[in-house]
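Structure at a glance
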Amino acid sequence: MSEPLLSIRGLRAKVEGEDAEILRGVDLDLQRGEVHALMGPNGSGKSTLAKVIAGHPAYEVTAGEILFEGEDVLELEPDERSRAGIFLAFQYPAEIPGVSIANFLRTAVNSRLDEGEEMDVFGFQRTLAEKMEMLKMDPGFATRYVNDGFSGGEKKRNEILQMAVLRPALGVLDETDSGLDIDALKVVARGVNRLSEADEALGVLLITHYKRILNYIQPDIVHVMMAGRIAESGGASLADKLEAEGYDWLQQTAAV
Amino acid sequence: MSTMTAGPAESTLAAADFDTLAGGLTEPEAIAVARAAAWERFTALPWPTKKSEEWRYTDLTKVGFEALTPVVPATATAEALSADVREVLGRSGERAGVVVLREGRVAHLELEPEVARSGVVLCSIRDAADRHPEVLRRALFEVQPGPAEEKLWALHLALLGGGYFLHVPRGVEMPAPIHAFHIVERAGTLSSAHSFVYGESGARASVIDEFLSDDLDAETVSLHGATITGEGGAGIEYVALQRFGRGVKRFSTQHVAAGRDSRIVTFNVTLGGDLARTDVTSRLDGPGSDSEMLALWFGDSDQHFDHHTLQHHAAPHAHSDLLFKGALTDSGSSVFRGLIRVDKGAQLTDAYQTNRNLLLSEGSHASALPNLEIEADDVRCSHGATIGQVEDGQLFYLMSRGLTRRQAERLLVFGFFDEVLGRLPMEGVRARVREAIEEKIGL
């Protein structure tokens, strides 16, 4: 097999300035074109892993490495990681009053251009309109302030919209399904699937509490995180087992 | 101050006397007398020092006024529009007229024929002095500035001759704004210009004053005054967009008088110059009058922007709302000092005052001093000020989409400003202001 899209080795991390480690040796390989689901109980470190991959400044990596397309990204700033092709769909996206979605995304697309390269403004508008239609978003949405006064569902849709416009190589979806009713969940899942179809090399790390979203997005591999480590990995059937039996049978593995 | 013999034009302020300043021009008796009196007052008054509350944060004694060359009032010329002005106009929306001023002298003036036919008068202050000396004298020379502003105001009046005069007759609604360009070209000069805007009952007017220069290699001072008057039911929108280059120090004193049921919006955008001082006084003279006072600034390098405001409620049932927002980076500094004054008879006043500051760097500094002085007992007033930084969560979110820290910060400044920009009624004016801010902030 070729070099993984994402390769995490012995990753340990904690909140900057605190003692307790949240990630206690994470190992994970994700190949191009694969969809991995990352499940696990509350507090097991799933969201921390997502934020550490994106370079959240509140976390300090104490050991291990994160290789993205073979390059160590730990020394990169969050914006450099983004431009390199890593995208994090936030569990709780920030609200940016006064900045429209269109303006925000235009700036983000601009930040990817080489110096002196001109942005194709009409092309951008066409892309934005197309992606919004795919996600069943009202065209007026583009002029609204980023996440300002959005419902939970609108915020999650807005995350996938950004992923669709920015076209990353890796999408880390942090509980994108939580707080969504079934219709919204289907729209979001369809959006992700369409992105996978359009880009066969797209890698997705789907963090979730619930099996529900896996009925709509088929994972190639399911990982279970327990107490800061990957305690178990398997095929899609692992999610069914977790649904039926919970996490208790894994406690022993994690306690090592 | 000693009076020395000097040539008619190029003497320093220290060496100037009133005859030099008059520049050999003839002017109506009323104006000549009032200007001479202003000069007397200017020479008699001491410069205010940092001991006065109004100048605590801006040290006037560090401005080398005495060494500057005052630009004498001059008659208007009729030159063609320069390329830089044409360029801005080409990108701005519709307009009713254009004025170009160089060191205060009107160099170009045009008014749409249709607007002129409706009775609107747009001319240079000098022409107005000839044609409407009494209107001008009353509107300018009877303004009573506070003691700390008196010296600069007297100098402004003594140099009067630059600027324009806009008069909109009863019931006339101008379809588009007047766009004025105040250009400073000569380093080391002291020049002055006045924006005179008068709307009779029910008139509608919109004016944008744009101040610009290159970066100048010697200290240069630009004085500016504005008198904005609305009679009963008038609606006036006044925007001052200041984007001088470095080397320029500017002092602008703006007086608004709002008549019964009139609505007057002032909007000051401060982006350029080394030092910019802006004083805005709104007098709510008529019951039911409404004054909206808005301002935005973005200071970088070692720019210093100082704002003083007065919302003076002299009549009952009036409303005033002030929203000033500033962002600073590098070693930029700013001051907001605002007062709501409610006279005894001004019952049922509704007055608000808000100043918000965003600091992007360790070295930047903002001072905010909102204040109330209320003598009536049945009023609704509130004031508040905040000084803060960008939120880490917002910054990380934007950076996680590929924006550099600088881009993310600048976009957050835009978001911070949007609330104020959104309050500008005219779309064309709003677009021009937004564009100028984008150019300064750079995204």
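The structure presented is a predicted model; accordingly, all values stated were derived computationally and were not measured.

1. A few points about the overall build of chain A
- In terms of regular secondary structure, chain A is built from 8 helices and 12 strands.
- Here chain A has a C-alpha radius of gyration of 18 Å; the compact-globule value for 256 residues is 18 Å, and the two agree.
- Referenced to the eigenvectors of the C-alpha coordinate spread, the extents of chain A come out at roughly 55 × 40 × 40 Å.
- For chain A, the residues scored as buried account for 52% of the 256 residues in total.
- Of the side chains in chain A, 26 bear a positive and 43 a negative charge, and the two mean positions are spaced by 5 Å.

2. Regarding the sheet that holds strand β9 (residues 170–174) of chain A
Residues and elements named next belong to chain A.
- One open sheet holds the 6 strands; their spatial order is β6-β9-β10-β3-β11-β12, and the pairing between them is mixed. Single-partner strands in this sheet number two, and they are β6 (86–89) and β12 (229–234). For this sheet, the mean inter-axis angle between neighbouring strands, taken without regard to orientation, is 20 degrees.
- With 4 bridges connecting them, β6 and β9 associate as parallel partners. The partner of I86 across the bridge, within β9, is L170.
- Where helix α7 (residues 237–245) meets the sheet, its contacts fall on β3 (35–39), β11 (221–226) and β12, and the angle it forms with β11 comes to roughly 40 degrees.

3. Observations regarding the sheet that holds strand β2 (residues 97–102) of chain B
Residue and element names in this part refer to chain B.
- The 10 strands are arranged β3-β2-β6-β8-β10-β12-β14-β16-β18-β20 in an open sheet whose pairing can be described as mixed. Of all strands in the sheet, those with a lone pairing partner are β3 (105–111) and β20 (380–389), marking the two edges. With strand direction ignored, the average angle separating the axes of adjacent strands in the sheet is 10 degrees.
- With 7 bridges connecting them, strand β6 (residues 178–184) and strand β8 (residues 204–213) associate as parallel partners. By the bridge assignment, F181 is partnered in β8 with E210.

4. So, the interface of chain A and chain B
- Contacts between the two partners involve 33 residues from chain A and, on the opposite side, 19 residues from chain B.
- Note on chain A versus chain B: buried area summed over both sides is about 1,900 Å², and carbon and sulfur give 67% of it.
- On the surface where chain A and chain B come into contact, there are 1 salt bridge.
- Between A:E159 and B:R401 there is a salt bridge, with the nearest N and O atoms lying 2.6 Å from each other.
- Inspection of the region where chain A meets chain B yields 14 residue pairs in polar contact (both at pLDDT 80 or more).
- Every element with two or more residues in the side of chain A that touches chain B is listed here: α2 (78–84), β6, β7 (96–100), α3 (101–110), β8 (145–146) and α5 (152–166) of chain A.
- In the side of chain A that touches chain B, the residues fall into 17 nonpolar, 10 polar and 6 charged.

5. Considering the packing of α5(A) against helix α6 (residues 182–198) of chain A
Residue and element names in this part refer to chain A.
- Relative to each other, α5 and α6 sit at 10 degrees, their axes nearing to 10 Å. Classed by the angle they form, the pair α5 and α6 counts as roughly parallel. Packed against α5, whose contacting residues are R157, I160, M163 and A164, the element α6 presents A184, V187, V188, G191, V192 and L195 at the interface.

6. Section: unusual backbone geometry
- With phi around 60 degrees, A:N147 is a residue other than glycine that occupies positive phi space.
- Tracing the chain through its elements places A:N147 in the loop between β8 and α5.
- The phi dihedral of B:S301 falls on the positive side, at around 50 degrees, and the residue is not glycine.
- Considering the arrangement of structural elements, one finds B:S301 in the loop between β14 (290–299) and β15 (304–313).
- Relative accessible area serves as the criterion here: at 30%, B:S301 is assigned to the partly exposed category.

Reading guide: rules and limits
Residues numbered from 1 in each chain as written. Chains lettered and ligands numbered in written order. Predicted model: local features only at pLDDT ≥ 70, side-chain atom pairs only at ≥ 80, totals over all residues. Heavy atoms only, no water. Helix = DSSP H or I, 4+ residues; strand = E, 2+ residues; numbered from the N terminus. Rg over C-alpha atoms; globule rule 2.2 N^0.38 Å. Buried < 20%, exposed > 50% of the residue type's maximum accessible area, 1.4 Å probe, protein only. Lys, Arg positive; Asp, Glu negative; His and termini not counted. Charge placed at Lys NZ, Arg CZ, Asp CG, Glu CD. Pairing = 2+ DSSP bridges. Axes fitted to C-alpha atoms, helices over the stretch in contact; angles between N-to-C directions. Contact = heavy atoms within 4.5 Å. Buried area = accessible area lost by both parts, 1.4 Å probe. Salt bridge = Lys/Arg side-chain N within 4 Å of Asp/Glu carboxyl O. Polar contact = N/O pair within 3.5 Å; in protein donor to acceptor, adjacent residues only side chain to side chain. Nonpolar A, V, L, I, M, F, W, Y, C, P; charged D, E, K, R; others polar. Parallel < 35°, antiparallel > 145°, perpendicular 65-115°, else oblique.

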